[in-house]
Amino acid sequence: MILTRRDFGTGLSALTLTACAPAGPTTRAVDSTLPPDLRPVPNAAYDAWVANFRARAPRSGLSPATLEAGFRNTGYLPGVVTRDRNQTEFRRSLEDYLSIAASDERITKGRAAFARHQGTLTALQSRYGVDARIITAIWGLESFYGERRGNVPVVSATSTLAFDGRRGAFFEDQLIAALRILQNGDITPDRLTGSWAGAMGHTQFIPTSYQAFAVDFTGDGRRDIWSDDPTDALASAAAYLQRNGWTPGLRWGAEGSAGGTVIQPQPGGPRFAVTRNFNVIKRYNNSDAYAIGVGHLADRIGGAGPLRTPFPPDANGLTKADRVALQERLTAAGFDTDGADGVIGPNTREAIAAYQSSRGLPVTGESSQELLRRLSG
């Protein structure tokens, strides 16, 4: 997900009106694979906003045919607004972030994806100068190597957020860009899908970034980042990094304090000496943790080992090994944490709370050394 805009996380009313007609009755087409709150609901105010937008849209170069096709089978998605408003500045520790970004599964799948697409990735490295493993790592973080591209209709998502108004101008720009993608013939309306906030394809471009940076590397006349074939999407990510100043042959950085600018995102944790290319990765997502995640995952895909410097215990005095043990023992006791990665997230907190309730303990949902001792007994 390309972020200098921060909140593009992976996942319908047919308007058959002329551009200047008032809103009228709509027909809803429901994608049954979407969660209920990401399916359309009637909203007269949204319909009126869309009618007004369609009246203004030709000034942005959008044809009546594009508007008709683009808004067919679209609608107001309440879950998009809920997700947008529920975003918080929750910050994971770097240790937790890397436990997810460079998990054993993501490394294994990354090595397999790199081997499977090595010819394409080598060609991209030659053309754009961007390390093939960095391209693969971005693919891995953005969509889990194409497994989580998102299936929310982009016109519905962006028009809902533009109508909602919290960041109305930004999302109206995304809506216009999405419709221009349709007008250009890069994708059909039914395949113009992405995340709840409109990030699209294997490498999660938002529509304006797609317009600026997407490329047709396959030469078929379309910049298709949605296809099962990831070639255009991977090429687009490489082009994005190249045009934002990537220096060929220069590493992103490395663990340690020798050379480069030294950062230590988590007190007591590893230090990293980073280069100009680290900052280029941050143009994709303006976060030190993200850029370290990309760089470290790329290194692991290339065969490097884990970080050498351990992270300190968390605020509850637990190391990652302790947290993994806690999750394993909760699951063994019948309170499933849905995996044991050492990250105390919602599933683990729910499991802790259920365990505490079953034992007559104060229900906090928080991990602790005492809880680990109880589960070890």
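As a starting point, this report considers the structure included with it. Keep in mind the model is a prediction, meaning the values are calculated, not measured. (Residues numbered from 1 in each chain as written. Predicted model: local features only at pLDDT ≥ 70, side-chain atom pairs only at ≥ 80, totals over all residues. Heavy atoms only, no water.)

Turning our attention to helix 7 (residues 132–143). Here helix 7 spans 17 Å end to end across 12 residues, near enough to the 16 Å set by a 1.5 Å rise per residue. Summarising burial for helix 7: 11 of the 12 residues are buried, a large majority. Those residues of helix 7 that sit buried are Ala132, Ile134, Ile135, Thr136, Ala137, Ile138, Trp139, Gly140, Leu141, Glu142 and Ser143. On its buried face, helix 7 sits against helix 4 (94–101), helix 5 (104–116), helix 6 (118–128), helix 11 (231–243), helix 12 (276–284) and helix 13 (288–301). The distance from a side-chain oxygen at the start of helix 7 to the backbone nitrogen of Arg133 is 2.7 Å, and the residue carrying that oxygen is Asp131. Looking one or two residues past helix 7, Phe144 carries a phi angle of roughly 55°, positive in sign. (Helix = DSSP H or I, 4+ residues; strand = E, 2+ residues; numbered from the N terminus. Expected span 1.5 Å × (residues − 1). Buried < 20%, exposed > 50% of the residue type's maximum accessible area, 1.4 Å probe, protein only. Contact = heavy atoms within 4.5 Å. Polar contact = N/O pair within 3.5 Å; in protein donor to acceptor, adjacent residues only side chain to side chain.)

The next subject is the packing of helix 1 (residues 44–56) against helix 8 (residues 154–164). Direction vectors running N to C along helix 1 and helix 8 enclose 100°, while the axes themselves pass 10 Å from each other. Of the possible angle classes, the one that applies to helix 1 and helix 8 is roughly perpendicular. Along the contact surface, helix 1 presents Ala45, Tyr46 and Trp49, while helix 8 presents Ser159, Thr160, Ala162 and Phe163. Class assignment of the residues belonging to the contact of helix 1 with helix 8 gives a composition of five nonpolar, two polar and no charged. (Axes fitted to C-alpha atoms, helices over the stretch in contact; angles between N-to-C directions. Parallel < 35°, antiparallel > 145°, perpendicular 65-115°, else oblique. Nonpolar A, V, L, I, M, F, W, Y, C, P; charged D, E, K, R; others polar.)

Moving on to the side chain of Gln174. Position of Gln174 among the secondary structure elements: in helix 9 (residues 168–184). Apart from the residues lying within four places of it in its own chain, the contact partners of Gln174 are Thr158, Ile206, Pro207 and Thr208.

Moving on, we get to the nonpolar core. Of all hydrophobic cores here, the largest spans 83 residues; its most connected members are Phe53, Ile134, Leu179, Leu192 and Leu241. For this core, the element with the most residues is helix 11, which contributes eight residues. The contact partners of Leu179, leaving out residues within four places of it in the chain, are Phe53, Leu62, Thr66, Leu67, Gly70, Phe71 and Val155. Listed in part, the 12 residues of the second largest apolar core include Ala325, Ile344, Ala351 and Tyr355. (Core = buried A, V, L, I, M, F, W, Y, C linked by side-chain atoms within 4.5 Å.)

At their nearest, the axes of helix 7 and helix 11 sit 10 Å apart, and the two run at 115° to each other. Regarding the angle of helix 7 to helix 11, the classification is roughly perpendicular. Handedness of the helix 7/helix 11 crossing: right-handed. On helix 11, the residues that touch Ile134, Ile135, Ile138 and Trp139 of helix 7 are Leu234, Ala238 and Leu241. Along the lines of polarity and charge, the residues of the contact of helix 7 with helix 11 split into seven nonpolar, no polar and no charged. (Left-handed = near helix turned anticlockwise from the far one by under 90°.)

Our focus in this paragraph is helix 16 (residues 369–376). Inspection of helix 16 places Leu371, Leu372 and Leu375 among the buried residues, and these make up the whole buried set. Projected down its long axis, helix 16 carries its buried residues within an arc of 100°, all on one side. Where helix 16 is buried, its residues contact helix 14 (320–332) and helix 15 (346–358). (Arc of directions from axis to C-beta.)

Looking now at the pattern of salt bridges. All told, the structure shown has 20 salt bridges when counted by the stated rule. In this structure, the salt-bridge partner of Asp37 is Arg83, at a minimum N-O distance of 2.7 Å. Linking Asp37 in the loop between strand 2 (27–28) and helix 1 with Arg83 in helix 3 (residues 78–85), this pair joins segments that are 46 residues apart in sequence. The exposure class of Asp37 is partly exposed, given its relative accessible area of 29%. (Salt bridge = Lys/Arg side-chain N within 4 Å of Asp/Glu carboxyl O.)

The strand order across the open sheet built from three strands is 5-7-6, with neighbouring strands paired in antiparallel fashion. On the outer flanks of this sheet lie strand 5 (253–255) and strand 6 (261–263), each paired with one strand and no other. Neighbouring strand axes in the sheet, compared pairwise and without regard to direction, differ in orientation by 25° on average. The pairing of strand 6 with strand 7 (residues 272–274) spans three bridges and is antiparallel. (Pairing = 2+ DSSP bridges.)

These values are about where atoms sit, not about what they do.
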